[in-house]
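Spelled out, the chains give:
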Amino acid sequence: MKELLETMITPLIEYPEYLNIDVKEEPDKAVYHVIVHQDDVGRVIGKNGRVAKSIRTVVYAANRDKTRKVYVDIM
Amino acid sequence: MKQMTATGSSVKEAVDSALAELRTTEDRVDVEILDEGRKGFLGFGAKPSIVKVTKKKDLEEETVAYIQNVAAQMGLTVSVDTKRKNREIYADISGEDIARLIGKRGQTLNALQYLTQMAVNNSAEQLMSVTLDAEGYRERRRETLKQLAERKAEQALVRQQQVKLEPMPSYERKIIHAALQRNRRVETDSAGKDPNRSVVIRPVQ
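Residues numbered from 1 in each chain as written. Chains lettered and ligands numbered in written order. Predicted model: local features only at pLDDT ≥ 70, side-chain atom pairs only at ≥ 80, totals over all residues. Heavy atoms only, no water.

*Asks:* Now, about the sheet that holds strand 8 (residues 186-191) of chain B: what can you tell me, with residues and values included?
*Replies:* Residues and elements named next belong to chain B. With antiparallel pairing, three strands are arranged side by side in an open sheet as 7-9-8. Looking at the sheet topology across the chains shown, the edges are occupied by strand 7 (163-164) and strand 8. Here strand 7 runs beside strand 9 (residues 198-203); their pairing, made up of two bridges, is antiparallel. Note that in strand 9 the partner of K164 across the bridge is V200. Lying on the sheet, helix 5 (residues 137-159) is in contact with strand 7, strand 8 and strand 9; it crosses strand 9 at an angle near 45 degrees. On the sheet, helix 6 (residues 170-180) packs against strand 8 and strand 9 and is oriented at approximately 165 degrees with respect to strand 8. (Pairing = 2+ DSSP bridges. Helix = DSSP H or I, 4+ residues; strand = E, 2+ residues; numbered from the N terminus. Contact = heavy atoms within 4.5 Å. Axes fitted to C-alpha atoms, helices over the stretch in contact; angles between N-to-C directions.)

Right under this line is the structure:
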């Protein structure tokens, strides 16, 4: 899942070297904290959060473990 | 390799050697002449030509790569065919288990389409529009929407009141509007703000 996020996000941003994804795994959920360069935050969130929403949609589709919900936070 | 500097006894020769090295053709590169060079006389005062050759970004290639990389991370192996018409790229995806890539009412496909468009535009010089299709999904969806339009128009007429459809992206609303344009007994409109904008069908008084 972390690799999926990297694959999706890297081509969208200007400073891929600042991209960092922290994972917090819990029994019933996994939380992914996406951290990007300050100037890239807008690119990853998008107008009205449209990019962020699309990223989440693809991540949910990729998650096959239905007992565990996946969350994506962008900061 | 995307860019290189080459020398030769003439500009053409320098460019040709760079093209051979980059394994590409002249229409797919930008050439910048750094030094025209000089022929000289009997080998005296001759200066080589120097050119800088840069491969143009191939947006179709980028589209394919983005889709395939994301699909691979979802555990799906897909092949992608692209067509380009001016500022529009159309990509058709096929492969096993493609339903997972389409999602409910195409929401995954639409999300991937938007992300691919953003990724391509991050390196494009002009604004490109990217459309993804998967095994004829868009065409099937078009037929479904046309039928839905007819059914809902009938409903509006029978009830003599407006009927609101569920929210849809702009290109899907467009299909509904177009399907009912020639129906004189109803008129259509869109209400609400994206992404919750939806078509409203009203009987004509």
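*Asks:* Residues and numbers for the pairing of strand 8 of chain B, please.
*Replies:* Residues and elements named next belong to chain B. Summarising the sheet, strand 8 and strand 9 pair through six bridges and their orientation is antiparallel. Each residue of the ladder has a partner; that of T188, found in strand 9, is I201. From the end of strand 8 to the start of strand 9, which pair antiparallel, there are six residues, and G192 there has a positive phi angle of about 95 degrees.

*Asks:* Give me the sheet that holds strand 5 (residues 88-95) of chain B: which residues, what numbers.
*Replies:* The strands that make up a sheet are held in pairs by hydrogen bonds between backbone atoms, and each pair lies either parallel or antiparallel. Residues and elements named next belong to chain B. Strand order across the open sheet formed by three strands is 4-5-6, with mixed pairing between neighbours. The open sheet has two edge strands with one neighbour each: strand 4 (78-85) and strand 6 (129-134). Strand after strand, the sheet turns through a mean of 20 degrees between neighbouring axes, direction not considered. Of the pairings in the sheet, the one linking strand 5 to strand 6 comprises six bridges and is parallel in character. Residue pairing in the sheet places I89 in a bridge with V130 of strand 6.

*Asks:* Go over the side chain of T57 of chain A with me, naming the residues and quoting the values.
*Replies:* One can find T57 of chain A in helix 3 (residues 50-62). Here T57 of chain A falls in the buried class, since its relative accessible area comes to 19%. Residues within four places of T57 of chain A in sequence aside, it is in contact with Q107, T108 and A111 of chain B. (Buried < 20%, exposed > 50% of the residue type's maximum accessible area, 1.4 Å probe, protein only.)

*Asks:* I'd like to hear about the environment of V70 of chain B, residue by residue, with values.
*Replies:* Residue position: V70 of chain B is located in helix 2 (residues 59-73). You can call V70 of chain B buried: its relative accessible area is 0%. Leaving out residues up to four positions away in the same chain, V70 of chain B has contacts with L4, T7, M8 and V58 of chain A together with L112 of chain B.

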